[in-house]
Amino acid sequence: MKKIWRVLPLSVFLLVPGATVAQPAQAAQAVAVQKAAIQKKVLVELRKQGGFAGLDDRVIAYTNGCVRLSRRTGPTVDKCLAKGEMSTLRGHLKRLHLGRSEPQPQGADFLRYTIAYRGHRVTRYTLPGSWGPVVRDLEKALDKYWAPD
């Protein structure tokens, strides 16, 4: 029964009148994302919130190489990272030291970074050295792959 449900969404798309045929690269990406949806185990999660702009960015990277991206405005997007991007992220995660959460500083215009990794969730307002590469990798994925329709 499960196999039928995996194939059904693609079949329905192909039967819709006026539907356009996706480009081969887009079709491959769609299949990869669909496979990723079946097996999801969170590797790392980043939340960036606050500031005058009222940011609420979220990146969840899964062990299978795919990510779920969302911003305060716009849709949630599921994409798969390139192999090089994922291996770079994994390398930076090996050197990540979460440490302890920081208390919220006084004032209104602070960015709050929260990383969840290996069962621990830590919130910081200043980025420690080992956080920088991980945050940059995840923000880069958000900038590259998240786009409102």
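The structure displayed is predicted, hence computed values, not measured ones.

About the cut-offs
Residues numbered from 1 in each chain as written. Predicted model: local features only at pLDDT ≥ 70, side-chain atom pairs only at ≥ 80, totals over all residues. Heavy atoms only, no water. pLDDT = per-residue confidence, 0-100. Contact = heavy atoms within 4.5 Å. Disulfide = S-S within 2.5 Å. Helix = DSSP H or I, 4+ residues; strand = E, 2+ residues; numbered from the N terminus. Buried < 20%, exposed > 50% of the residue type's maximum accessible area, 1.4 Å probe, protein only. Polar contact = N/O pair within 3.5 Å; in protein donor to acceptor, adjacent residues only side chain to side chain. Pairing = 2+ DSSP bridges. Axes fitted to C-alpha atoms, helices over the stretch in contact; angles between N-to-C directions. Salt bridge = Lys/Arg side-chain N within 4 Å of Asp/Glu carboxyl O.

### Description of the confidence of the model for the protein chain
Turning to step 1, where the next piece is worked out: Mean pLDDT over the protein chain works out to 82, with 72% of the residues at or above the 70 mark.
Turning to step 2, where the next piece is worked out: Overall, residues 1-22 carries pLDDT values under 50, and its contacts beyond four positions in sequence, including any with other chains, amount to six contacts.

### With respect to the state of the cysteines
Turning to step 1, where the next piece is worked out: Counted according to the given criterion, the structure contains one disulfide.
Turning to step 2, where the next piece is worked out: A sulfur-sulfur separation of 2.0 Å characterises the disulfide bridge that pairs Cys66 with Cys80. Between Cys66 and Cys80 the sulfur-sulfur dihedral comes to about 65°; the bridge is accordingly right-handed. A residue pair is termed long-range when its members are at least 10 positions apart, and Cys66 in strand β3 (residues 66-70) and Cys80 in strand β4 (residues 77-80) qualify at 14 residues. The burial state of Cys66 is the same as that of Cys80; both residues are buried.

### Focus on the side chain of Lys48
Turning to step 1, where the next piece is worked out: Its location among the elements puts Lys48 in strand β1 (residues 42-50).
Turning to step 2, where the next piece is worked out: With a relative accessible area of 15%, Lys48 lands in the buried category.
Turning to step 3, where the next piece is worked out: Reaching out from Lys48, the side chain makes a polar contact with the side chain of Glu139 at a distance of 2.8 Å.
Turning to step 4, where the next piece is worked out: Here Lys48 is in contact with Leu55, Asp56, Asp57, Leu111, Arg112, Tyr113 and Glu139, once residues within four sequence places are set aside.

### Looking at the sheet that holds β1
Turning to step 1, where the next piece is worked out: The antiparallel open sheet is built from six strands, whose spatial order is β4-β3-β2-β1-β5-β6. Each edge of the open sheet carries a strand with a single partner, namely β4 and β6 (120-124). Sheet twist, expressed as the average angle between the axes of neighbouring strands with direction ignored, equals 15°.
Turning to step 2, where the next piece is worked out: Bridge count between β1 and strand β2 (residues 55-62): eight bridges; the pairing is antiparallel. Counterpart to Gln49 in the pairing with β2 is Asp56.
Turning to step 3, where the next piece is worked out: On the sheet, helix α3 (residues 83-94) packs against β1, β2 and β5 (111-117) and is oriented at approximately 80° with respect to β1.
Turning to step 4, where the next piece is worked out: Contacting β1, β2, β3, β4, β5 and β6, helix α4 (residues 131-145) crosses the sheet at an angle of about 100° to β5.

### Notes on the pairing of β2
Turning to step 1, where the next piece is worked out: Joining the antiparallel neighbours β1 and β2 is a turn of four residues, in which Gly51 adopts a positive phi near 80°.
Turning to step 2, where the next piece is worked out: Relative to β3, β2 runs antiparallel, the two being bridged by four bridges. Paired with Ile60 across the strands is Arg68, a residue of β3.
Turning to step 3, where the next piece is worked out: Taking the residues that link successive antiparallel strands as the turn, the β2-β3 hairpin has three residues, and the phi of Gly65 there is positive, at about 95°.

### Details of the side chain of Thr114
Turning to step 1, where the next piece is worked out: Tracing the chain through its elements places Thr114 in strand β5.
Turning to step 2, where the next piece is worked out: A polar contact is formed between the side chain of Thr114 and the side chain of Thr123, at a distance of 3.0 Å.

### Considering the pairing of β1
Turning to step 1, where the next piece is worked out: Where β1 and β5 come together, seven bridges link them in antiparallel fashion. Its bridge partner being in β5, Val44 is matched across the sheet by Tyr117.

### Examining the pattern of salt bridges
Turning to step 1, where the next piece is worked out: Scanning all chains against the criterion turns up nine salt bridges.
Turning to step 2, where the next piece is worked out: Ionic pairing is found between Lys144 and Glu85, a salt bridge with its closest N-O pair at 2.9 Å. One end of the pair, Lys144, is in helix α4; the other, Glu85, is in helix α3, with 59 residues separating them in the sequence.
Turning to step 3, where the next piece is worked out: The salt bridge partner of Glu102 is Arg124, with a shortest N-O separation of 2.9 Å. Here the residue Glu102 occupies a position in the loop between α3 and β5, and Arg124 occupies one in strand β6, the gap between them amounting to 22 residues.
Turning to step 4, where the next piece is worked out: Looking at Arg124, the relative accessible area reads 16%, which means it is buried.
Turning to step 5, where the next piece is worked out: One continuous salt-bridge network, built from bridges that share partners, spans Glu45, Arg58 and Arg121.

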